[in-house]
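As a plain string of letters, each chain reads:
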Amino acid sequence: MIAASETMKKKRKIKDSVLNIITYLSSALSVFVLLAIFVFIFSKGSGTLGLKMLTGNYWSSNYMLSVEEAYNKPGNFERPSDLDENVFFSSKWGIGFVDAKDTNKDDIILVEYIDKNSPFLKMIDESVKTKDKRQVEVGYQVENLPYTDANGVGGIGGAIMSQSAKDLADTLDTQAVSIGKVYFKTPGGGVRGSIITTLYLIAVSLVIALPLGIAAAIYLHEYAKVNKLTSIIRSGIEMLTGVPSIIFGLMGVTVLFPVTQLFGAKTTNVLLGGLTMAIILLPTIIRSTEEALIVVPQSLRDASLSVGANQSQTIFKVVLPCAVPGILTGVLLSIGRVIGESAALIYTMGTYVNDAPTLTTQGTSLAVQIYNIMSSEQPNFELACAISIIILVFVLILNITVKYLSKRFSKAWY
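Residues numbered from 1 in each chain as written. Predicted model: local features only at pLDDT ≥ 70, side-chain atom pairs only at ≥ 80, totals over all residues. Heavy atoms only, no water.

Caption draft 1: Region of interest: the overall build of the chain. Looking only at helices and strands, one finds 13 helices and 11 strands in the chain. With the C-alpha coordinates of the chain rotated into their principal frame, the extents come out at 105 × 70 × 40 Å. Counting across all 414 residues of the chain, residues that qualify as buried make up 41%. In the chain, the share of contacts with a sequence separation of at least 24, taken over all contacts with a separation of at least 6, comes to 72%. On the chain, the mean spot of the 35 positive side-chain charges and the mean spot of the 32 negative ones are 15 Å from each other. (Helix = DSSP H or I, 4+ residues; strand = E, 2+ residues; numbered from the N terminus. Buried < 20%, exposed > 50% of the residue type's maximum accessible area, 1.4 Å probe, protein only. Contact = heavy atoms within 4.5 Å. Lys, Arg positive; Asp, Glu negative; His and termini not counted. Charge placed at Lys NZ, Arg CZ, Asp CG, Glu CD.)

Caption draft 2: How the structure looks around the pattern of salt bridges. Inspection of every chain in the model, using the stated rule, returns seven salt bridges. In this structure, the salt-bridge partner of Arg 234 is Glu 290, at a minimum N-O distance of 2.6 Å. Highlighted residues: Arg 234 in helix H5 (residues 228–241) and Glu 290 in helix H7 (residues 270–295), separated in sequence by 56 residues. With a closest N to O distance of 3.5 Å, Arg 287 and Glu 291 form a salt bridge. (Salt bridge = Lys/Arg side-chain N within 4 Å of Asp/Glu carboxyl O.)

Caption draft 3: Representation of the packing of H7 against helix H10 (residues 324–340) in the model. Packing of H7 against H10 leaves a shortest axis separation of 8 Å and a crossing angle of 155 degrees. In terms of orientation, H7 lies roughly antiparallel with respect to H10. Helix-helix and strand crossings are classified by hand; for H7 and H10 the assignment is right-handed. Seen from H7, the contacting residues are Met 277, Ile 280, Leu 281, Thr 284, Ile 285, Ser 288, Thr 289 and Ala 292; seen from H10, they are Gly 326, Ile 327, Gly 330, Leu 333, Ser 334, Arg 337 and Val 338. (Axes fitted to C-alpha atoms, helices over the stretch in contact; angles between N-to-C directions. Parallel < 35°, antiparallel > 145°, perpendicular 65-115°, else oblique. Left-handed = near helix turned anticlockwise from the far one by under 90°.)

Caption draft 4: Looking closely at a positive patch on the surface. Taken together, the side chains of Lys 9, Lys 10, Arg 12 and Lys 13 present a region of like positive charge at the surface. Judged by relative accessible area, Lys 13 falls into the exposed class, the value being 60%. (Patch = residues over 30% accessible without salt bridge, like charges linked within 9 Å, V, L, I, M, F, W, Y side chains within 5 Å. Areas by Shrake-Rupley, 256 points an atom, 1.4 Å probe, with all protein chains shown as cover.)

Caption draft 5: Spotlight on the pairing of strand S3 (residues 95–101). Summarising the sheet, strand S2 (residues 88–90) and S3 pair through three bridges and their orientation is antiparallel. Within S3, the residue paired with Phe 89 across the bridge is Gly 96. Where S2 folds back onto S3 in an antiparallel hairpin, the turn is made up of four residues, including Gly 94, whose phi is positive at roughly 65 degrees. Bridge count for S3 against strand S4 (residues 107–114) is seven bridges, and the pairing is antiparallel. (Pairing = 2+ DSSP bridges.)

Caption draft 6: Structural detail: the nonpolar core. Met 53, Leu 281, Ile 327, Ile 335 and Ile 387 are the most contacted members of the largest nonpolar core, which totals 48 residues. At the level of secondary structure, the elements contributing two or more residues to this core comprise helix H4 (192–223), H7, helix H9 (311–322), H10, helix H11 (343–349), helix H12 (366–374) and helix H13 (381–413). Not counting residues within four places of it along the chain, the set of residues in contact with Ile 327 comprises Ile 214, Thr 289, Ala 292 and Leu 320. Counting residues in each nonpolar core, the second largest holds 25 residues, with Tyr 147, Ala 165, Ile 179 and Val 182 among its members. (Core = buried A, V, L, I, M, F, W, Y, C linked by side-chain atoms within 4.5 Å.)

Caption draft 7: Representation of a nonpolar patch on the surface within the structure. On the surface, Leu 29, Phe 32, Val 33, Leu 34, Ile 37, Phe 38, Phe 42 and Leu 392 cluster together to form a nonpolar patch covering roughly 710 Å² of accessible area. Counting residues per element, the nonpolar patch draws most heavily on helix H1 (residues 2–45), at seven residues. Topologically, Val 33 is positioned in helix H1.

Caption draft 8: Local environment of H9. If you check H9, its first and last C-alpha atoms are 15 Å apart, about what 12 residues at 1.5 Å a residue would give, namely 16 Å. Residues Thr 314, Ile 315, Val 318, Val 319, Leu 320, Pro 321 and Cys 322 constitute the buried set of H9. Regarding H9, its N-cap is Asn 310, as a side-chain oxygen of that residue lies 3.2 Å from the backbone nitrogen of Ser 312 further along. (Expected span 1.5 Å × (residues − 1). Polar contact = N/O pair within 3.5 Å; in protein donor to acceptor, adjacent residues only side chain to side chain.)

Function cannot be inferred from these measures alone, as they are strictly geometric.
Next comes the structure, spelled out in structure tokens:
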């Protein structure tokens, strides 16, 4: 008997050791994959990420500008001592250019420096009838820069695309005696419109889904009797959780689009995306709220009822405040779902990147913009990874905020 017992112990130890090794290996592999994803995203996207990207438009604006006649002549400008060596400076026109690449990886020339007395700060906007005055700004892309030489012959023009920043600066210094109508383009690739659209989506979906979800959870756990009807309702909620989001998108286009037409929408729009996301979020909010209500001790309910409070007073003044940390967790999961959703929103909002979105116009969330970028003929991994970093940082901030609020509510009630 003793020998058999020792043998069983050894077998159990071996089995436990093997299971522990498998657990450690699985955990290590998961951590490695997670770190690999973070390293890839940050290594690819950190160089693109910046304030201009966060606040800039995705689409470029085009300007046709000409120098005011009184200032359209070369001067004598001194190159600043602190100007980077990669900036090629025209000493006759007081402007510096730099070679760069656009979002499609094509070679472009950007304005990097402008002297305060440069003729390029004395320009007229030829693209508007009112001929407004406009200054060239650092960061503008040079598309077309025609000039006239001493013999009255023009040059450069559309051939600017084949020029380098050095060639352009040298040509202006050696040949140009006046500047023609210059074609500038503002830098694109910004995500301001997608950030605004994402915030619209979060606001609309939560305003609708939170009250309905919390109310449904309160009914199911606090009021509803245990019978076949409540069992069917719970089964339906669990089924909705597993429905692919693309099906919700099709439902939104066919069923909810007429609702948005009442608000003036004529095509797929942000409001339609928010309504669809509200339906997608309902099962998550209901389940998380119900779990939070289950965790609240029954003794608190009994104590409230024993001092004369009715059931509704007990629920809304005792039970619900105690369940706030769990409800906040559900809110966090819901917001994360909104930020990361793409399939349903492609159908309900479209894939057009709108720099000035409204509730009744098309727009793209951050996730849909990533899809839009990567599904083009020339995928831009750097911009897609930069947007991914924004999403990760946003989710991290939400996590920290929810944990902080949960601790505050926990301290207040326990």
